[in-house]
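Overview (structure and organization)
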Amino acid sequence: MKERRLQAPTTLDQESGRSLWESLSKTPSEQGETLVIAFNETEKMDSLGGAWLVKIAEKIHKSGGTLKLEGQQGSVAELLEMVAPALQKPVNQQGVEPGFFEKLGDTTLAVLAESRDFLELCIDAIYWSVLAPFEGRGFRWEIFVDEMYEMGVRAIKIVCLMNFLLGLIIAMLMAKQAESYGISIFVADIIMIGFARELAAIMTAVVVSARTGAAIAAEIATMKVQEEIDALRGMGLNVNQFLVAPKLMALLVVLPCLVTLGVLSGVIGGSVWGIAVLGFQPTVWFTQTLNSAFLEDLAQGFLKTIIFALGIVLIGCHNGFRVSGGSRGVGLMTTRAVVMDIFMLISCDIVFAAIFYYVLG
Amino acid sequence: MSAPLVAVKDLVAHYGDTLILDNVSCSVNPGEIFVIVGGSGCGKTTLLRHMCGLHAATSGSIIYREQDITQLDEDELARLQRTIGIAFQSSGLFNSMTVGDNVALPIREYGDVDERLIDAIVRMKLSFVGLGDSGHLMPSELSGGMRKRAGLARAIALDPPLVYFDEPSAGLDPIMAAGLDELILDMRDLLGLTFVIVTHELDSIRTVADRILMLDRGKAIFTGTVEEAEHSDVERVKQLFERRPDEFIAQRNV
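Residues numbered from 1 in each chain as written. Chains lettered and ligands numbered in written order. Predicted model: local features only at pLDDT ≥ 70, side-chain atom pairs only at ≥ 80, totals over all residues.

**Some thoughts on the overall build of chain B**
Cut-off, in case you're wondering: The helix and strand labels rest on DSSP assignments: H or I over at least four residues marks a helix, E over at least two residues marks a strand, and numbering proceeds from the N terminus. Comment: burial labels come from other C-beta atoms within 10 Å of the residue's own C-beta, placed from the backbone, where a count of 20 or more is buried, 12 or fewer is exposed, and between is partly exposed. Think of it this way: build a C-beta for each residue from its backbone, and any pair within 7 Å is a contact.
Helix and strand counts for chain B stand at ten helices and ten strands. Within chain B, the fraction of its 254 residues that count as buried is 42%. In chain B, the proportion of contacts linking residues at least 24 apart, taken out of those at least 6 apart, comes to 63%.

Written as structure tokens, this is what we have:
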């Protein structure tokens, strides 16, 4: 096996280290050769000199060769001993890349495991929220009231504003189409039915998921990272009873209230356009609005809010509990919770639309 | 005797209205391991954080490299802070980056080094602390002791002459703590670093300290070598080295 020798300088620092590297780079290294660096004249060395030595070792390892250091003494020898692990050939940290079917299998198993966890959380949370209080097993009423304030009262302004603006936009859009047929008054019907059945529920739920869903995921994830969840378990407390149940009950109560305000705001938004721009008398516009609404339209909207509330809280909690990796994990899980919430809202709405408009007629 | 690397003079510090440091003075010589000791809540970490320039003092001065840290503006202080390394009690690693990227961060930001060399420097610094093959891991994948060592590797990334280390042995098993003490001694001997360490672990103090400063309720009550401390007449110092509880705690436990 071919051997090549280099003499290390008296002082191995950034400059002399670079020269050593460049002298090695000038002549191409042969496959499997041994590079011997003599340190017998080296009296001083700093960490940047050491870093060039690491660079030389990497080059030698890449060409399949080996690096030998000889003649070092005193403090240089001790420093080289500390650098020694970095001069070794790096172990392959990547491992074997899994194939397509392995990846598919891993993904399927991961999805199944997550679905099972989510289902368990749903069952446990619903039990502790709905059934356990009636069995006298305790419910945190104070936290429930605090959560209602946080999730409901503090969201009123943004929910009303968003629905008002949406009502205004829908009225503008529909009025343009209806005017050409001379049926502008039916814009009032469209706004009322639209908001009662679909728009108020979905718009309010989107606002709440961005606000409350994200907050729930971040809160629980932070608690998990700071071992507060483990502390609760260590005290023998049921985490779902302690944390999830008050949030779930609170949103089940406040979301229908917010949707009611959303319907009113949307209708007011539409009426502003109808009265101020289309020129209808307020009595005419509001009579048309009230005549267009039936109880079943409102019931459709409110039925959705129960599923939406369950989904927002449980998805937020589920993602919070799954966090790992400190602050970065908290951010990732919060984002994931909001994305899953919005996907859930749209998916559920499609199912509801299919049931209400086609199955039930 | 050479001039001190750091000189703290009559330092007074408050948190809100609470007095934390009361006219504390001390000096750290180049190449020594200076240990700040004292009971919980006596102001050890506060003193360290003031010496690093992380907190503003109420009064007094901290001279480092002929500049008074307490009088510097933000930019000057930032420039000076690049010449010190700080290893935090909880490691202070960025969870969103790999261990290697954590160590590379100060080098990329401030280091005047060849870009080709950064990976090699990172590998070498991690090897110094025994984490040569852990550069690709995330901080959350490390144990407590490994995180401390990675934090130390980041602290020495720019080859600072002075390293502040808050509670190196806290939460570590005795073997890991002894390993970290060895590492600190090696770094002082081989790289010529000066360490200012906050700890209350007696074993660590006896192993690494060249000189100690003892604080008690915000006041400096003793400065000297470990040997001098072990034979000190100051009651609080004797109590620390003999591991004697306060009277009222001892009575309460009877």
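Read on, since the account is not over.
**Notes on the overall build of chain A**
From N to C terminus, chain A includes twelve helices and five strands. Put simply, chain A has 361 residues, and 38% of those count as buried. Looking at chain A alone, contacts between residues at least 24 apart form 86% of all its contacts between residues at least 6 apart.

**Considering the packing of helix α9 (residues 239–276) of chain A against helix α10 (residues 282–292) of chain A**
Residues and elements named next belong to chain A. Convention followed: Here an axis means a line fitted to C-alpha atoms, over the contact stretch when the element is a helix, while the angle between two N-to-C directions is reported on a 0 to 180 degree scale. In these notes the angle categories are as follows: under 35 degrees is roughly parallel, over 145 is roughly antiparallel, 65 to 115 is roughly perpendicular, and the rest is oblique. Crossing handedness: left-handed means the near helix sits turned counterclockwise from the far one by under a right angle, and right-handed means the same turn made clockwise.
Running from amino to carboxyl end, α9 crosses α10 at an angle of 140°, the nearest separation of the two axes being 10 Å. In this view, α9 runs oblique relative to α10, as classed from their interaxial angle. Handedness of the crossing formed by α9 with α10: right-handed. In contact with Val-267, Ser-271, Gly-274 and Ile-275 of α9, α10 contributes Pro-282, Trp-285, Phe-286 and Thr-289.

**What to know about the nonpolar core**
Cut-off, in case you're wondering: Each nonpolar core consists of buried Ala, Val, Leu, Ile, Met, Phe, Trp, Tyr and Cys residues. Their C-beta atoms, within 7 Å, join them into a set.
Formed by 96 residues in total, the largest nonpolar core has its most connected members in Val-35 and Ala-153 of chain B. With eight residues, helix α2 (residues 47–62) of chain A is the largest single contributor of residues to this core. Every residue in contact with Val-35 of chain B, bar those within four places of it in the chain, is listed here: Ile-197, Thr-199, Ile-205, Val-208, Ala-209 and Ile-212 of chain B. Residues Cys-160, Val-225, Ala-245 and Trp-285 of chain A belong to the second largest nonpolar core, which totals 67 residues.

**Focus on the pairing of strand β8 (residues 194–198) of chain B**
All names here are of chain B. The condition is simple: Any two strands are treated as partners once DSSP identifies two or more bridges connecting them. Clockwise travel from the first strand over the helix to the second, with the strands pointing away from the viewer, marks a crossover as right-handed.
Of all five residues that make up β8, five are buried, and the element is covered over most of its length. Burial along β8 is two-sided: Thr-194, Val-196 and Val-198 facing one way and Phe-195 and Ile-197 facing the other are all buried. Alignment of strand β3 (residues 33–38) against β8, held across four bridges, turns out to be parallel. Looking at the pairing, Phe-34 lines up with Val-196 of β8. The pairing of strand β7 (residues 162–166) with β8 spans five bridges and is classified as parallel. Paired with Phe-165 across the two strands is Ile-197, which belongs to β8. Each parallel crossover has a hand, and the one from β7 via helix α6 (residues 174–191) to β8 is right-handed.

**Quick word on helix α4 (residues 118–128) of chain B**
Turn by turn, an α-helix covers 3.6 residues, leaving residues three or four places apart pointing in a common direction. Within α4 of chain B, nine of the eleven residues are buried, leaving the element largely enclosed by the surrounding structure. Lining the buried residues of α4 of chain B we find α2 and α3 (74–87) of chain A together with α3 (99–110) and α5 (144–155) of chain B. Phi turns positive, to about 80°, at Gly-130 of chain B, one or two residues after α4 of chain B.

**With respect to the sheet that holds strand β3 (residues 34–38) of chain A**
Two pairing modes exist for strands in a sheet, parallel and antiparallel, and in both the strands are linked by backbone hydrogen bonds. All names here are of chain A. Strand order in the open sheet made by the three strands is β1-β3-β5, with parallel pairing throughout. In this open sheet, the two strands that pair with only one neighbour each are β1 (3–7) and β5 (66–70). For this sheet, the mean inter-axis angle between neighbouring strands, taken without regard to orientation, is 20°.

**So, the interface of chain A and chain B**
We apply this condition: Residues are grouped as follows: Ala, Val, Leu, Ile, Met, Phe, Trp, Tyr, Cys and Pro are nonpolar; Asp, Glu, Lys and Arg are charged; every other residue, Gly included, is polar.
At the interface, 25 residues of chain A touch 21 residues of chain B. Those elements that provide at least two residues to the side of chain A that touches chain B are α1 (14–26), α2, α3 and α12 (326–359) of chain A. A per-element tally of the side of chain A that touches chain B places α2 of chain A first, with eight residues. Its residues placed into classes, the side of chain A that touches chain B shows eleven nonpolar, nine polar and five charged.

**Quick look at the confidence of the model for chain B**
We apply this condition: On a range of 0 to 100, pLDDT expresses the predictor's confidence in each residue.
Counting all residues, the mean pLDDT for chain B is 88, and 96% of those residues have values of 70 or more. Our summary of model confidence lists the complex with pTM equal to 0.69 and ipTM equal to 0.71.

**Concerning the sheet that holds strand β9 (residues 211–216) of chain B**
All names here are of chain B. Pairing is mixed across the open sheet formed by six strands, whose spatial order is β6-β7-β8-β3-β9-β10. Two strands bound the open sheet, and with one partner strand each, they are β6 (84–87) and β10 (219–224). Strand after strand, the sheet turns through a mean of 15° between neighbouring axes, direction not considered. In the sheet, β6 pairs with β7 via four bridges, with the strands oriented parallel. When the sheet's bridge partners are listed, Ala-87 is paired in β7 with Phe-165. Sheet contacts for helix α1 (residues 44–51): β3, β7, β8 and β9; angle to β8, the most-contacted strand, approximately 145°.

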